[in-house]
Amino acid sequence: MTVLIELRKDVILFSSENVNRYSRVLWDSFFQFCGCCILGFGIYFLIHNNFRLLLSLTLGNVLVIVGSIIMVVAFLGCMGSIKENKCLLMSFFILLLIILLAEVTLAILLFVYEQKLNDYVSESLTESIKQYHLDNSTRATWDSIQSVLQCCGVNGTSDWNGHPPKSCPSDPQVQGCYAKVKLWFHSNFLHIGIITICVCVIQVLGMSFALTLNCQIDKTSQTLGL
């Protein structure tokens, strides 16, 4: 009877470990899929995005970097779960922790140096306006931006010294492109904050799964006398 009870406990333990392991694999596969999508969008923006001519760091650069990091981290977690490798699982946990701390640090720096960042972007865009009549690529970029966003200059038509290009809307009270983007960001700040919090929660869950599976591997080794 005792042998049957112990056998039943081992079967239940083995089943719960399998459920947790395959849940971990599915979770990491989802991470990898997200990483591939982000990387793909990043490459698309690098190829087709004209904003790269105005700023050194664009959305495409950021998406490629983020997508690559997510794919590498998710691969470590997935292989660690499949192979039940504690080293890979702990590497996955540490990398996720570093990314989470980096995100928090970046958010704090953006909050503290918000004005300096605004000044840097505004100055970069203003300098690019000076190249409008000298560089065909810059001219095409500004024409495309102003046509798509229905804006004019950085802060308004005054940036063009009274001679706005044809791509500017005819309305004299039209907003500047940078001012319009800032207004959109502030009006959608709540949604951006919710998405950021959800990403952080997903990362914390991933770290929790990694630690849980790591502890289960230890328990299994102790049970088997390894």
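Under an unreviewed UniProt entry, the protein chain has the name Tetraspanin and belongs to Nyctereutes procyonoides. According to its UniProt record, the protein chain has this under Subunit (unreviewed entry): "Interacts with SCIMP. Interacts with CD45/PTPRC. Interacts with IL7R. Interacts with RBL2 and PPP2CA." Turning to the protein chain, the UniProt record has this under Sequence similarities (unreviewed entry): "Belongs to the tetraspanin (TM4SF) family."

(A) Geometry of the overall build of the protein chain. Counting its regular elements, the protein chain contains 7 helices and 0 strands. When the helices and strands of the protein chain are placed in sequence order, the string is α-α-α-α-α-α-α. For the protein chain, the residues scored as buried account for 28% of the 226 residues in total. In the protein chain, once contacts between residues fewer than 6 apart in sequence are set aside, the share between residues at least 24 apart is 62%. Carbon and sulfur atoms form 70% of the exposed surface of the protein chain, whose accessible area is close to 14700 Å².

(B) Molecular detail of the packing of aromatic side chains. Using the criterion set out here, one finds 2 aromatic pairs in the structure. Ring plane angle 75° and centroid distance 4.9 Å describe the contact between Tyr132 and Trp160, whose orientation is recorded as edge-to-face. Separated by 28 residues along the polypeptide, Tyr132 in the loop between α4 (114-130) and α5 (136-149) and Trp160 in the loop between α5 and α6 (177-187) bring together distant segments of the chain. There is no split in this pair, since Tyr132 and Trp160 are both buried. With centroids separated by 6.1 Å and ring planes inclined at 85°, the aromatic side chains of Trp142 and Trp160 adopt a geometry described as edge-to-face. A residue pair is termed long-range when its members are at least 10 positions apart, and Trp142 in helix α5 and Trp160 in the loop between α5 and α6 qualify at 18 residues. For the residue pair Trp142 and Trp160, the accessibility class agrees, reading buried in each case. In textbook terms, an aromatic cluster arises when at least three aromatic residues are bridged by ring pairs, as seen for Tyr132, Trp142 and Trp160.

(C) Local environment of the pattern of salt bridges. This model, assessed by the stated rule, comprises 1 salt bridge. Between Glu127 and Lys130 there is a salt bridge whose closest N-O contact spans 3.2 Å. Of the two residues, Glu127 and Lys130 are both situated in helix α4; the distance of 3 residues between them amounts to about one turn of the helix. Of the residues examined, Lys130 reaches a relative accessible area of 53% and is grouped as exposed.

(D) Layout of the packing of α5 against α6. In contact at an axis separation of 11 Å, α5 and α6 are set at 45° when each is read in the N-to-C sense. In terms of their interaxial angle, α5 and α6 are classed as oblique. As for the relative orientation of α5 and α6, their crossing is left-handed in sense. Residues Trp142, Ile145, Gln146 and Leu149 of α5 touch α6, and the partners they reach there are Cys177, Lys180 and Val181.

What counts, and at which threshold
Residues numbered from 1 in each chain as written. Predicted model: local features only at pLDDT ≥ 70, side-chain atom pairs only at ≥ 80, totals over all residues. Heavy atoms only, no water. UniProt positions renumbered as here; feature names shortened; annotations may be inferred. Helix = DSSP H or I, 4+ residues; strand = E, 2+ residues; numbered from the N terminus. Buried < 20%, exposed > 50% of the residue type's maximum accessible area, 1.4 Å probe, protein only. Contact = heavy atoms within 4.5 Å. Areas by Shrake-Rupley, 256 points an atom, 1.4 Å probe, with all protein chains shown as cover. Phe/Tyr/Trp six-rings, centres within 6.5 Å; stacked < 30°, edge-to-face > 60°. Salt bridge = Lys/Arg side-chain N within 4 Å of Asp/Glu carboxyl O. Axes fitted to C-alpha atoms, helices over the stretch in contact; angles between N-to-C directions. Parallel < 35°, antiparallel > 145°, perpendicular 65-115°, else oblique. Left-handed = near helix turned anticlockwise from the far one by under 90°.

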